[in-house]
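# Close look at the chain arrangement
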Amino acid sequence: MATSPTLRLLRDELVGFARSRVMIVLWVVLPLLAILGYLLFTSSAEVAAGMGGDHKMSANAFMTFLLSSLAGTVAALMVAVDIVSERTRKVYELYVIRPIRREAIIWAKFLAVAACVVVACVVAIALGIAVDVARGDPFTATIAYDALKGLASLTAVVSLSAAVGTFFGVISRTILVAVILVLYVGQNLTIVPMLPMYFGILPRQFWVIMAISYALVAVMAWLSAVVFRRSQF
Amino acid sequence: MVEPLLQLAGVSKAYYGQAVLSDVSFEIAPGEVFGYIGPNGAGKTTTLKILAGLITTYDGVVRIGGVDVKTGRDRAHALIGFMPQACGFQSWRTVESALDTLADLSGVPADVRARRIPALLERFDLLAARGKKVKELSGGMTQKLGLIQALLHEPKLLVLDEPLEGLDPPSRRLLQEVLRERRAAGTTVLFSSHILSDIEDVADRVGILNRGKVATTGSIRDLTRAFGLPPELELAFSVAPADLGFLADPAVIGAGGRAVAERPDAWRLTLATDADPDAVVHALVERTLAGGGRVRKVGVAEPALDDLFARYILESDRAAGLTVPAPAAPAGGPDGN
Ligand SMILES: Nc1ncnc2c1ncn2[C@@H]1O[C@H](COP(=O)(O)OP(=O)(O)OP(=O)(O)O)[C@@H](O)[C@H]1O
Ligand SMILES: [Mg+2]
């Protein structure tokens, strides 16, 4: 075989997101709506005063704040719902009967969703910075550094959420159960990398949180693979 | 002896304590076309899913090409092409993209895919729909797509779950033709159906599944004979002869024969087990014409699947020593009281 099954399926998933307009919504419509929301929000002086006193929140900061609460949930829900709905529509039967490693199917889904949502984050933050610059704020090295660091931690959150979503997608048989699991349990699991820091076990350092996050991603991906390999169709 | 390509030994499967398959065993030799028949809910799909590796929790052993599907899944499944009873595709998939990915995952190189996919689409009259989304296809077209995906990698063993369901008559004939071609090319085929005539035309051998148990025998004819089913004839008139008395005449329909009117101009005749159906057909036509009637249709009726099953259950119960004894005479015997 020319390509590995995971890569082939990943390519297909991305093509699928493009064809089913998921990408347009994530990369264009949502960032534009968010920035529109920001513009309306900050033009209302009252709210701005309530939020940040005399200091107005920048578009960049607003987008990062918005994404930190939304991106992970979006990623987890996307993977979980997609996996359950494709399984109930018997899509996987035709893949599973082929001589490939079964986990390729769900890993491809995980990677595709994580990649799509991370790109959405990049677009949104870039749009935020662009709006700030257009309004006369200077683009400094500090802003660039903070944006990159924000993106790195967003990527970790999105990856972990997508991995948790994959696991819940694999163990659920109905979309409703998957959604409930993601919203109630998944949200809490993505806080886990922060815990050692809160309890003072590990230093409050960026790279430590990153390392724990990606270790958890690996664990969730492995668990999902184990469960999926044993699934009955 | 040739090693069987497919071998099921003592396969049992239960759902929530309810047995669906109990101790199913049969073998299929390389190049054979095997029809797997059974009524709704008999466990056909369950058996085929076990072969295809979709169900992995079962008892017993399944070997494809000598490889146990539980331990050597990849090697076993490289040999098989499977068409599920109902198959799904992602909603954004076009016919071509679905087939290309599935063939790729089966290990078909890109240049072969580029040749084979259009050829198969053409064969099944789907070439015009190659760019269409799968969800926009009709039921029968989707069914054909399910079939094509099973043929893409030219597997040694084709496993088809009710492949003729939902196909129009030309497509059915086409599929039967394709199956015959595959057999000629040495492919082994296992397909399920609950329609006997589907199987009779193409299968070398059939297995009957009922209530999770299987009986393997030769052809349908052999089965009919083995189970001692009496031959049946159908007779329909376009003009009924004035006198239908000959339908009850042992000289025409043989001793022990019986005719039942299904409609005033259509009859079903059950002959004695040892009767010669051809001779009876001949006599029936002669007498109809002599009586001023005209025959629209006459011939040997296919044994109803139900009858075959009923007989099969009876036979297997008898073999298991479960034959129901004749009702016991009332106490004191016939001359009591
Ligand atoms: N996932 C499942 N959970 C519980 N019971 C099941 C499941 N799948 C099948 N069964 C039961 O197993 C039995 C056999 O089902 P199966 O689908 O194998 O029948 P079949 O012979 O293919 O019937 P049909 O001709 O209708 O396709 C049925 O009684 C069915 O209810
Ligand atoms: Mg079935």
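Once a new chain begins, its residue numbering starts again from 1 and follows that chain's sequence as written. For naming, the first written chain is A and the first written ligand is 1, with later ones following in the order written. Whole-chain, interface and lining totals are the exception, using all residues; otherwise, since this is a predicted model, local features are given only for residues with pLDDT of at least 70 and side-chain atom pairs are given and counted only at 80 or more. Excluding hydrogens and water, the side-chain figures rest on all heavy atoms present in the structure.

## Remarks on the sheet that holds strand β5 (residues 67-68) of chain B
Sheet strands pair via backbone hydrogen bonds, and the direction of the pair is either parallel or antiparallel. All names here are of chain B. For two strands to pair, DSSP has to find at least two bridges joining them. Only DSSP runs of H or I covering at least 4 residues are called helices, and only runs of E covering at least 2 are called strands; the numbering of each starts at the N terminus. Read from one edge to the other, the open sheet built from four strands follows the order β2-β1-β4-β5, with strand pairing classed as antiparallel. What marks the edges here is a single partner per strand, and that holds for β2 (18-28) and β5. Across two bridges, the pairing between strand β4 (residues 59-64) and β5 is antiparallel. What sits directly across from isoleucine 64, in β5, is valine 67.

## Overview of the site of ligand 1
Residues and elements named next belong to chain B. Residues are classed as near a molecule or strand on a simple rule: at least one heavy atom within 4 Å of it. What surrounds ligand 1 is a group of 14 residues, the closest being Gly41, Gly43, Lys44, Thr45 and Thr46. Between lysine 44 and ligand 1, the recorded distance is 2.7 Å, taken from a side-chain N or O atom to an oxygen atom. Polar contact is defined as a pair of N or O atoms within 3.5 Å, subject to the rule that within protein one atom must be able to donate a hydrogen and the other to accept it, and that residues adjacent in sequence are counted only when both atoms are side-chain atoms. Between ligand 1 and glutamine 85, the relevant distance is 3.0 Å, taken from an oxygen atom to a side-chain nitrogen or oxygen of the residue. Here the Shrake-Rupley method, with its probe set to 1.4 Å, supplies the accessible areas, and only the displayed protein chains count as covering residues. When isolated, ligand 1 has an accessible area of 640 Å², and the protein chains bury 61% of it. Among the elements that line the shell around ligand 1, the one with the most residues is helix α1 (residues 44-52), at three residues. Lys, Arg, Asp and Glu make up the charged group, whereas Ala, Val, Leu, Ile, Met, Phe, Trp, Tyr, Cys and Pro make up the nonpolar group; the residues left over, Gly among them, are polar. Here the residues of the shell around ligand 1 are counted per class, giving five nonpolar, seven polar and two charged.

## Comments concerning helix α5 (residues 139-151) of chain B
A helix's residues, less one, multiplied by 1.5 Å, set its expected span. With 13 residues, α5(B) extends 19 Å between its outermost C-alpha atoms, agreeing within 8% with the 18 Å of an ideal straight helix rising 1.5 Å per residue. Within α5(B), eleven of the 13 residues are buried, leaving the element largely enclosed by the surrounding structure. Buried, partly exposed and exposed residues are distinguished by accessible area as a fraction of the type maximum, computed with a 1.4 Å probe on protein chains only: under 20%, between the cut-offs, and over 50%, respectively. Of all the residues in α5(B), the buried ones are Gly140(B), Thr142(B), Gln143(B), Lys144(B), Leu145(B), Gly146(B), Leu147(B), Ile148(B), Gln149(B), Ala150(B) and Leu151(B). In this description, contact between two residues means that some pair of their heavy atoms is separated by no more than 4.5 Å. In the core, the buried residues of α5(B) are packed alongside α5 (91-96) of chain A together with β6 (80-83), α3 (95-105), α4 (110-123), β7 (157-161) and α6 (169-184) of chain B.

## Observations concerning the confidence of the model for chain B
Residues and elements named next belong to chain B. What pLDDT reports is the predictor's confidence in each residue, on a scale of 0 through 100. The share of residues in chain B with pLDDT of 70 or more is 86%, and the mean pLDDT across the chain is 85. Confidence drops under pLDDT 50 across residues 323-337; counting only partners more than four residues distant or on other chains, this segment forms two contacts. At the level of chain-chain contacts, confidence expressed as ipTM amounts to 0.86, with global pTM at 0.83.

## A closer look at a nonpolar patch on the surface
Residues forming no salt bridge and having over 30% relative accessible area are the ones grouped into patches, like charges within 9 Å of each other and nonpolar side chains (Val, Leu, Ile, Met, Phe, Trp, Tyr) within 5 Å. One speaks of a salt bridge when a side-chain nitrogen belonging to Lys or Arg is within 4 Å of a carboxyl oxygen belonging to Asp or Glu. There is a patch of nonpolar side chains on the surface, built from Ile24(A), Val25(A), Val28(A), Val29(A), Leu30(A), Leu32(A), Leu33(A), Leu36(A) and Leu40(A) and spanning about 790 Å² of accessible area. Relative to the elements of secondary structure, Val25(A) occurs in helix α2 (residues 22-43).

## As for the pattern of salt bridges
Tallying each qualifying case throughout the model produces 25 salt bridges over all chains. One salt bridge connects Glu103(A) with Arg101(A), and the closest N-O pair in it is separated by 3.2 Å. Given the relative accessible area of 3%, Glu103(A) is considered buried. Here Arg116(B) ties to Glu154(B) by a salt bridge, and the two come within 3.7 Å at their closest N and O atoms. On the criterion of sequence distance, the pair formed by Arg116(B) in helix α4 and Glu154(B) in the loop between α5 and β7 is long-range, its members being 38 residues apart. One salt-bridge network, in which partners are shared between bridges, spans Arg8(A), Asp12(A), Arg93(B), Asp100(B), Asp104(B) and Arg113(B).

## Some details on the nonpolar core
Buried Ala, Val, Leu, Ile, Met, Phe, Trp, Tyr and Cys residues that are joined via side-chain atoms within 4.5 Å together make up what is termed a nonpolar core. In terms of nonpolar packing, the biggest core is built from 136 residues, with Leu6(B) and Phe191(B) touching the most fellow members. Element by element, the count of residues in this core is highest for helix α6 (residues 103-134) of chain A, at 17 residues. Ignoring any residue separated from it by four or fewer positions in sequence, one finds Phe191(B) in contact with Val33(B), Phe34(B), Gly35(B), Tyr36(B), Leu160(B), Pro163(B), Leu164(B), Leu179(B), Asp198(B), Ile199(B), Val202(B) and Ala203(B). Counting residues in each nonpolar core, the second largest holds 14 residues, with Leu247(B), Val252(B), Val281(B) and Leu284(B) among its members.

## Describing the interface of chain B and chain A
Taken together, the contact between chain B and chain A spans 33 residues of the former and 27 residues of the latter. Buried area between chain B and chain A, summed over both chains or domains, comes out near 2800 Å², and the portion from carbon and sulfur atoms is 51%. A per-residue breakdown of the area chain B buries against chain A is headed by Leu54(B), Trp92(B) and Leu105(B), which together make up 27% of the total. Counting across the interface, chain B meets chain A through four salt bridges. The partner of Lys49(B) in a salt bridge is Glu93(A), and the shortest N-O contact between them spans 3.8 Å. Inspection of the chain B/chain A interface yields 18 residue pairs in polar contact (both at pLDDT 80 or more). Contributing elements (two or more residues each) for the side of chain B that touches chain A: α1, α2 (73-77) and α3 of chain B. With six residues, the single largest contributor to the side of chain B that touches chain A is α3(B). Of the residues belonging to the side of chain B that touches chain A, the class tally is twelve nonpolar, 14 polar and seven charged. Once two parts are put together, the accessible area they lose, assessed with a 1.4 Å probe and summed over both, is termed the buried area.

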